[in-house]
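So you can see what is in the structure, the chains are spelled out below.
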Amino acid sequence: MESGELQDAVRAALADRGEPVSKLGYFCAPFRPESGPLADQVVKTYRGGRDRELLERLGERHDAYLACLLEAGVRVPETQFLLLEEAGGWRPVILQDALPPETMLRPQIEAAGPDHLVQLLEEAARSIADFWQAVADRPERIGYHPSIRNFARDEGGMIFFDTFPPLISYSRAEMGQLLLRFSESSLIRGLGPLLPGRIRAIQDEWYSPAGTVVGLIGSAVRLRPDDREAILTWARGFAETLPGDMRAEVLAELDAPPRLPAIWTATRRILGLEGKPNV
Ligand SMILES: Nc1ncnc2c1ncn2[C@@H]1O[C@H](COP(=O)(O)OP(=O)(O)O)[C@@H](O)[C@H]1O
Ligand SMILES: [Mg+2]
């Protein structure tokens with residue numbers, strides 16, 4: 001589609017937007033148009049504004065991050081970023097091929113028998129470790145947010161679909177700003193000036209290879225509390241296979257009970273997203 005046509009298609013889809021696919025996103029509530037040229041897509045819209053430079057840089061970084069994920073061997077559905085022109089400025093929009101609901105990883109993990117559960121976790125954890133290995137020599141500051149809720153899985157294996165915010169080439173301070181700038185919650189945006197350090201810290205797990213693996217294990221335990229021992233036994237075995245630094249860090253964390261980073265738990269409570277873990 002030409003870019004003008006694409007803008008029109010997105011505007012039309014937004015105008016008769018149905019129920020969101022998910023209400024649990026931090027940055028967006030994706031939806032799938034029922035008809036029209038975007039019917040096989042998920043549309044993710046983010047907070048717009050007049051800060052054109054920041055938004056254009058965001059678009060460049062999104063393209064760079066998508067390329068980085070793909071080069072690292074991560075499977076990502078066909079994804080494109082655009083800035084939708086609006087009266088009040090520009091709104092970032094991500095269009096992504098819609099994945100069938102039954103491919104979402106979280107319900108698969110909830111439903112799996114004990115052996116399958118461990119197999120799913122092994123695949124997810126392996127794909128995370130492979131990503132970090134693939135980007136290890138890159139010069140940019142790169143992060144990854146491979147939470148159970150950000151994965152799908154089909155016959156071809158794991159699929160990662162959360163490309164926002166683009167975790168490439170932003171400093172920690174800049175990413176802290178983006179977390180506030182693009183939060184859907186006015187409460188979070190309002191808390192920013194009061195708790196800048198705590199909001200900034202949300203990203204730290206995403207930039208820690210061991211942190212992302214431990215985050216996955218912690219979420220699995222919270223999703224499947226009765227299988228805690230089996231999960232932790234598998235996790236220790238898995239950790240032993242990791243390269244040096246990551247292995248030591250993951251094993252050390254496993255000796256303490258896995259938990260959500262306190263700030264994220266607090267954020268989720270504030271946002272009223274408690275219940276089924278998201279990370
Ligand atoms: N391509 C997709 N196909 C189907 N569902 C999707 C797709 N992308 C996102 N979703 C649903 O929307 C939720 C939030 O999307 P995500 O991209 O992770 O946004 P956020 O950055 O707000 O977490 C996902 O957990 C999933 O349930
Ligand atoms: Mg997500």
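Residues numbered from 1 in each chain as written. Chains lettered and ligands numbered in written order. Predicted model: local features only at pLDDT ≥ 70, side-chain atom pairs only at ≥ 80, totals over all residues.

A few words on the confidence of the model for the chain. Summing up the model confidence of the chain, the mean pLDDT is 90 and the portion of residues at 70 or higher is 91%. Segment residues 274–279 is flagged for pLDDT under 50; beyond a separation of four residues in sequence, or across chains, it makes 15 contacts in the model. (pLDDT = per-residue confidence, 0-100. Contact = placed C-beta atoms within 7 Å.)

What follows deals with the domain arrangement of the chain. Assigned domains of the chain: these are domain 1 (3–97) and domain 2 (101–271). For domain 1 versus domain 2, the distance between C-alpha centres works out to 23 Å. Between domain 1 and domain 2, the contact holds 23 residues from the first and 21 residues from the second. Among the secondary structure elements, those contributing two or more residues to the side of domain 1 that touches domain 2 are helix 2 (52–71) and strand 3 (89–97). In terms of residues, the side of domain 1 that touches domain 2 owes the most to one element, helix 2, which gives eight residues. Here the residues of the side of domain 1 that touches domain 2 are counted per class, giving 15 nonpolar, four polar and four charged. (Domains from an automatic or database assignment. Helix = DSSP H or I, 4+ residues; strand = E, 2+ residues; numbered from the N terminus. Nonpolar A, V, L, I, M, F, W, Y, C, P; charged D, E, K, R; others polar.)

Attention now moves to the environment of V221. Relative to the assigned elements, V221 resides in helix 8 (residues 209–223). Measuring from C-alpha to C-alpha, the distance between V221 and S169 comes to 32 Å, with 52 residues separating the pair along the chain.

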